[in-house]
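Spelled out from the first residue to the last, the chains are:
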Amino acid sequence: MLPTPLRTRLFAALLLGGAAVLLAPARPAAAALPPRGRLEPAFGVTPGGLVWTVEPAARRLVLYDPEGSLRAVFPVGDEGHVLGVADSGARVTAPTADGLRRGLARNGEDRQVEARYVFRFADGSVRTTVATTALRGAEPAFFGDEVWLLRRGPGRWNVVRVAPDGETPYGSVSEAAVRQRVGRTSGPRLFAGPRGVAALFPGTRGDAVVRLDRPEVIYRPDPLEACGEGRARLVLPHADGVLFVSVRTVPWTGEGTPGEPRAVAEVVDDAGRLLASASLGPWNELFPLPDGGLLGLDGRESARFDDRFTEVSRSVLPLEEGSDPAAAARIVEQLRRLERLGPRATGADWAELAILPGAPAHQFLERAMDDPAGALGRLASVADGEPAALQAAKALPLLLETLRPDRRGALLVQLRERVEGGCPAWLRHAAARALLAASPKEAPSWALPAVAEAVASGADPGGVPLPDEAFTLELAELVTAVDRSRIDRILKERPEVADGLLAGNLEEALSSSFDELRFHAPARRFPGTLLDCAAGPPSATGLIALARVSEAALEASPSPADLAGGKPIRPERSRRAETWPPPSSRRRARPTRGCARGPSPSARSWGFRWTRLASGPRS
């Protein structure tokens, strides 16, 4: 007989292979389907200093002033990715996020990748399409409706400009000169702005920056000026040399929120000396302006800096589609209030920010860590039905996660006392999940029914994963039914995902980052709840469920290191008794062989019952 881990792995392989065979006749042409046109959100700044943003749901391109006033609106079709926009609304688009079509290199000399760009008029009609090539691993630059690409020639890096009027050479850089300054380079990047184009060459001994209008001068910022830290966000030609904008982390002893990323602008002269340096603040993205200044955007507001990097104005500018400007203004007001209070801010002040829809609850979280009782008191005052209730249910797990174990335990005691003394329903649901996650054995008797109630009603705050010991068979079936309803809805709304799964691409299903397509019931303890989802005609949802069961089987099998170390292997019967079915539910469990014939009447009744409970009455 084969060893247990080998049988487990063979079972997983046969399960996935059998699923692929079963699904192949159902969708024979899935792999040959053409890619669907899907508009992706994006934003940036035009050469004239206007902020542009793409709204996929409304299918439109919107131009704003840096102060937030609307300037123009243009229709957008299935253009994929909008990469750059001119002041007139003309734009350059591509099927991928950078226009490059990456593939596996056939050999070490395969340094080129294909690139394709579609130039459009303001109304979205195609003006011209350019198919070209670029250096593998290099990052192109976009400014307005123009593109700059990097290629490699004999001893030189060549930059070409791609525009609606065609492709023209733009400049070249000596490879030997760059290697002499910073060593071997990898992943070069291009940046374009009103004053020209610059290239960044990360090397083994630092970074080299080259202006394409002065390729003989190589700028090398001193890494000691940034204590060895700094992620480049923007590199552009400057009147005194080169402008280098990087993102650094605020030290625990510095100003601002400790650990928060902050943008720093520096000007380096021809000799590499630092001429000017300014901290711009916690801006996610910075863009060049025609007057030599910079514009910072973080999705909620904008900040304008002059050519000396002094902030001259700040405005509320929400970029998320469908966002409420009034709500964004409240978030900005609370953020500025917390900045003014500084260390004097309390946990309640942080909670005032956290309960605002769309607010960055992770900011100023250290105020709540110093005063968790004050934060809990403000969160608990939110009543059911208020718009802030949903945000409060998300803020509580975030607070618990960041606390030290001793303070977390004390806050859990306060949380239990509040619930048992009377509290809103959302707080009871969030507290139940937190108490079960902390210790299923010590959780109060009302915790498990409260979690089941929240899951069935769709009010489950989530955020805190439950350990396998906290699940019963009833809760596992309920969670699986809710997950199945959500996955079916997502696959219906995004058919390209279902097509990829049915074509054999399981990366998204098995990836932990793609949590919306995952089943959360413990597959090792209750595989039957997931196998029920695979019953019936072949489907992408059933394939995801099968993959989750196989993933759990591989996780449960001993590793090669355990086998090499002589770790004893338990008999298959013993292992099965430990994982599924649990002792409390063996009476209702069905044999493993019954999975091939479909779920048992008992499982069908439970699945039907929880599915009706989760999805609600039918019309």
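For the structure itself, look to the data block above.
Model, not experiment: these values are computed from the prediction.

S.K.: How do you make sense of the pattern of salt bridges when you look at a structure like this?
M.R.: As a working rule, side chains carrying opposite charge can pair if their charged atoms are close by. Evaluated as defined, the whole model comprises 30 salt bridges. Linking Arg 59 and Asp 78 is a salt bridge whose minimum nitrogen-to-oxygen distance equals 2.4 Å. Of this pair, Arg 59 sits in the loop between strand E2 (51-55) and strand E3 (60-64) while Asp 78 sits in the loop between strand E4 (70-75) and strand E5 (81-85); the two residues are 19 residues apart in sequence, bridging distant segments of the chain. Given a relative accessible area of 52%, Asp 78 falls into the exposed group. Two residues, Asp 291 and Arg 304, come together in a salt bridge whose shortest N-O distance is 3.8 Å. Highlighted residues: Asp 291 in the loop between strand E22 (285-288) and strand E23 (294-297) and Arg 304 in strand E24 (residues 301-305), separated in sequence by 13 residues. Note on Asp 291: relative accessible area 43%, which makes it partly exposed.

S.K.: What is the right way to look at the packing of aromatic side chains in this model?
M.R.: Each aromatic ring pair is specified by the distance between its two centres and by the angle formed by the two planes. Taken as a whole and assessed by the stated rule, the structure comprises four aromatic pairs. Centroid distance Tyr 117 to Phe 142: 6.1 Å. Interplanar angle 65 degrees. Geometry classified as edge-to-face. One end of the pair, Tyr 117, is in strand E8 (residues 112-120); the other, Phe 142, is in strand E10 (residues 141-143), with 25 residues separating them in the sequence. On the basis of relative accessibility, which here comes to 22%, the residue Phe 142 falls in the partly exposed class. Arranged with centres 4.5 Å apart and planes meeting at 35 degrees, the rings of Trp 157 and Phe 201 form a pair that is tilted. You can see Trp 157 sitting in strand E12 (residues 156-163) and its partner Phe 201 sitting in strand E15 (residues 196-203), a full 44 residues away along the chain. Judged by relative accessible area, Phe 201 falls into the buried class, the value being 1%.

S.K.: Honestly, the sheet that holds E10 in this entry has me stumped. Any pointers?
M.R.: Either a parallel or an antiparallel arrangement is found when strands of a sheet pair, and the pairing is made through backbone hydrogen bonds. Strand order across the open sheet formed by four strands is E10-E11-E12-E13, with antiparallel pairing between neighbours. The strands lining the two open edges of the sheet, one partner per strand, are E10 and strand E13 (166-174). Direction aside, the axes of adjacent strands within the sheet are offset by 25 degrees on average. Of the pairings in the sheet, the one linking E12 to E13 comprises eight bridges and is antiparallel in character.

S.K.: Which parts of the structure should I look at to understand helix H10 (residues 447-457)?
M.R.: Note: α-helices contain 3.6 residues per turn, so residues at a spacing of three or four share the same orientation. Among the residues of H10, Ala 447, Ala 450, Val 451, Ala 454, Val 455 and Ala 456 are the ones counted as buried. Two residues or fewer past H10, Gly 458 is found with a positive phi of approximately 80 degrees.

S.K.: Is there a simple way to explain the sheet that holds strand E18 (residues 231-238) in this structure?
M.R.: One open sheet accounts for four strands, arranged E18-E19-E20-E21; its pairing is antiparallel. On the outer flanks of this sheet lie E18 and strand E21 (274-281), each paired with one strand and no other. Pairwise comparison of adjacent strand axes, ignoring direction, gives a mean angle of 20 degrees for this sheet. Pairing analysis gives eight bridges linking strand E19 (residues 241-249) to strand E20 (residues 261-268), with the strands arranged antiparallel. If you follow Val 247 over to E20, its bridge partner there is Ala 263.

S.K.: Could you clarify how one ought to interpret the side chain of Glu 79 in this entry?
M.R.: With respect to the helices and strands, Glu 79 occurs in the loop between E4 and E5. Classification of Glu 79 by relative accessible area gives buried; the value is 4%. Reaching out from Glu 79, the side chain makes a polar contact with the side chain of Arg 91 at a distance of 3.0 Å. Here Glu 79 is in contact with Leu 39, Arg 91, Thr 93, Ala 94, Arg 120 and Gly 124, once residues within four sequence places are set aside.

Conventions and cut-offs
Residues numbered from 1 in each chain as written. Predicted model: local features only at pLDDT ≥ 70, side-chain atom pairs only at ≥ 80, totals over all residues. Heavy atoms only, no water. Salt bridge = Lys/Arg side-chain N within 4 Å of Asp/Glu carboxyl O. Helix = DSSP H or I, 4+ residues; strand = E, 2+ residues; numbered from the N terminus. Buried < 20%, exposed > 50% of the residue type's maximum accessible area, 1.4 Å probe, protein only. Phe/Tyr/Trp six-rings, centres within 6.5 Å; stacked < 30°, edge-to-face > 60°. Pairing = 2+ DSSP bridges. Axes fitted to C-alpha atoms, helices over the stretch in contact; angles between N-to-C directions. Polar contact = N/O pair within 3.5 Å; in protein donor to acceptor, adjacent residues only side chain to side chain. Contact = heavy atoms within 4.5 Å.

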